[in-house]
Amino acid sequence: MTYRACLVAVLTILAAVDVRCRPQKAEIRLRNLARTSDLIELQCSIEGKIDDFRRAMGLTLFKVGSLEDLAYAYPNSEAEGPNNRTSVKGQLSGTSGYLSVLIAEIDEEDEGEYTCIFEYKDRSNKAQELNSTINITYEPTMAAVTAFNSCDCDAFQDAITIIRGEINGLTEKNKQLTSRIERLESKGPTVHVGTGLETIDDTCRVSFTARFETRKGYVILGEQTAQFDSVVSNKGDAYDTTTGTFTAPCNGQYFFSVTLRSHQDLDSGYVDGVIQVDGVEKARTSVYINAPIENYQSATNGVVLTLEKGQKVNVLIKTTSSGEFVGEGYSTFSGFYISP
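About the thresholds
Numbering of residues starts from 1 in every chain and runs along the sequence as written. Local features are withheld for residues below a pLDDT of 70 in this predicted model, meaning they are given only at 70 or higher, and side-chain atom pairs are given and counted only at 80 or more; totals for whole chains, interfaces and linings count all residues. Only heavy atoms go into the side-chain values, all of them from the structure, while hydrogens and water stay out. Throughout, nonpolar core names a set of buried Ala, Val, Leu, Ile, Met, Phe, Trp, Tyr and Cys residues whose side chains join them through atoms within 4.5 Å. The classification of residues rests on relative accessible area computed with a 1.4 Å probe and restricted to protein chains. Under 20% of the type maximum is buried, over 50% is exposed, and intermediate values are partly exposed. Think of it this way: any DSSP run of H or I at least four residues long counts as a helix, any run of E at least two long counts as a strand, and we number them from the N terminus. By the convention used here, residues are in contact when the closest approach between their heavy atoms is within 4.5 Å. One number per residue, pLDDT, summarises how confident the predictor is, and it ranges from 0 to 100. Ring pairs shown here join Phe, Tyr and Trp side chains whose ring centres sit within 6.5 Å, with only the six-membered ring taken for Trp; geometry is labelled stacked below 30 degrees between planes, edge-to-face above 60, and tilted in between. Patches here: salt-bridge-free residues with over 30% relative accessible area, like charges joined within 9 Å, nonpolar side chains (Val, Leu, Ile, Met, Phe, Trp, Tyr) joined within 5 Å. The Shrake-Rupley method, run with a 1.4 Å probe, gives the accessible areas here. Residue values count only the displayed protein chains as cover. Salt bridges are counted wherever a side-chain nitrogen of Lys or Arg sits within 4 Å of a carboxyl oxygen of Asp or Glu. Charged residues are defined narrowly, with Lys and Arg counted positive, Asp and Glu counted negative, and His plus the chain ends left uncounted. The atoms used to mark charge sites are NZ of Lys, CZ of Arg, CG of Asp and CD of Glu. A pair of strands is labelled paired if DSSP reports no fewer than 2 bridges between them.

A few points about the nonpolar core
Phase 1 of the analysis: By size, the foremost hydrophobic cluster in this structure holds 33 residues, and its most contacted members are F228, F246, Y254, F256, L307, V313 and F333.
Phase 2 of the analysis: Secondary structure elements with two or more residues in this core: β12 (207–212), β18 (252–264), β19 (269–277), β20 (280–289), β21 (295–307), β22 (312–319) and β24 (328–339).
Phase 3 of the analysis: With residues up to four places along the chain from it excluded, the contact list for V313 reads G244, T245, F246, F256, I275, Q276, V277, L305, L307 and F333.

Written as structure tokens, this is what we have:
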């Protein structure tokens, strides 16, 4: 053998020895050793040398997103696991440690990422860690599929028949309700479905407030209908400003009120406003003065009336005095529908 050949052989041997003796870089190794799809067998181990190691703090295995660790080991102690679905083994001593976790009868909730972390302090007393993550996919076992296929098919078919019957019944009821709604809507926007006990025509829901349009010019005259000639609101147009009369559009309960402010000009006597139905008194306001002086007074009264469709309500003035009413917002006549 020549000198050059000997030199090459020696260098090759030294290189091989150097590779074998060189310390391996420290890492966490996490594997699933399970051979069947109905369980998970995770093994986490610390491999290699940590040059800057001072002391171990803990080795932990957990499912990402879970609030509970699967297994953990503290220095110089056996591994523990709080989950009663798992079987845990392992220990930790210095940089040597492992965790082994067996999960039986797995389901969809066990699918996901699992992480193993080794926490330690370096020589400068700073916290460090090594970690590794593995993804576990859930696949139903053939045993589960066989169990499903071996079900009581007659009972299963009976259940389907019952459910189909209930669906058909609900479908028919839905058609009936849809038809009823369409019939009601065809009568126009004035029809509303209430509690189911009755149907109320919205044309009954009338309301109004009327007043004298100007502040002055409305002479107090007895046995005359007070013609409130300006409406603040008049839903349903049941009040007529040309006659001062309200006409009931439906049978039912109604509320009416009247306020009159009068200016009696040096003339004693009373001024009354009478709410009447078809000429029959139901309620009245009244002011009175028995001295020949100028006098401003206001009076208000209200009443609930049961009316039939077409009946008329107005305010009749009765007086033994003279003067005029104060208009605008000082004198008003109001009413509205309450209920059938």
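More follows now that the structure is in view.
Here's the deal with unusual backbone geometry
Phase 1 of the analysis: The phi dihedral of E105 falls on the positive side, at around 50°, and the residue is not glycine.
Phase 2 of the analysis: Mapping E105 onto the fold places it in the loop between β7 (96–104) and β8 (112–122).
Phase 3 of the analysis: Of the residues examined, E105 reaches a relative accessible area of 71% and is grouped as exposed.

Considerations on the confidence of the model for the chain
Phase 1 of the analysis: Counting all residues, the mean pLDDT for the chain is 82, and 83% of those residues have values of 70 or more.
Phase 2 of the analysis: This stretch, residues 143–148, has a pLDDT under 50; its non-local contacts, to residues over four places away or in other chains, come to 0 contacts.
Phase 3 of the analysis: Here residues 190–198 is modelled with pLDDT under 50, and outside its nearest four sequence neighbours on either side it reaches 10 contacts, counting other chains as well.

Digging into the packing of aromatic side chains
Phase 1 of the analysis: The tally for this structure, following the rule as stated, stands at 18 aromatic pairs.
Phase 2 of the analysis: On the numbers, 5.8 Å between centres and 25° between planes, the contact of F212 with F325 is stacked. Of this pair, F212 sits in strand β12 while F325 is found in strand β23 (residues 323–325), placing the two residues 113 residues apart along the sequence. F325 shares its class with F212; the two are buried.

Notes on a negative patch on the surface
Phase 1 of the analysis: On the surface, a cluster of negative charge is contributed by E108, E109, E111 and E139.
Phase 2 of the analysis: Tracing the backbone shows E109 in the loop between β7 and β8.
Phase 3 of the analysis: Take E109: its relative accessible area is 67%, and that puts it in the exposed class.

What to know about the sheet that holds strand β1 (residues 27–32)
Phase 1 of the analysis: Within the open sheet, the 5 strands sit side by side as β1-β2-β7-β6-β5. Their pairing is antiparallel. Every other strand in the sheet has two partners, leaving β1 and β5 (77–78) as the edge strands with one partner each.
Phase 2 of the analysis: When strand β2 (residues 39–47) meets β7, the two strands line up antiparallel, connected through 7 bridges. Each residue of the ladder has a partner; that of Q43, found in β7, is S100.

Thoughts on the pattern of salt bridges
For side chains bearing opposite charge, pairing can occur when the charged atoms are close.
Phase 1 of the analysis: A complete count under the given rule lists 5 salt bridges for this structure.
Phase 2 of the analysis: Here R215 ties to E328 by a salt bridge, and the two come within 3.0 Å at their closest N and O atoms. Of the two residues, R215 sits in the loop between β12 and β13 (218–219) while E328 sits in strand β24, which places them 113 residues apart along the sequence.
Phase 3 of the analysis: Counted as one network, the salt bridges with shared partners bring together D272, E281 and R284.

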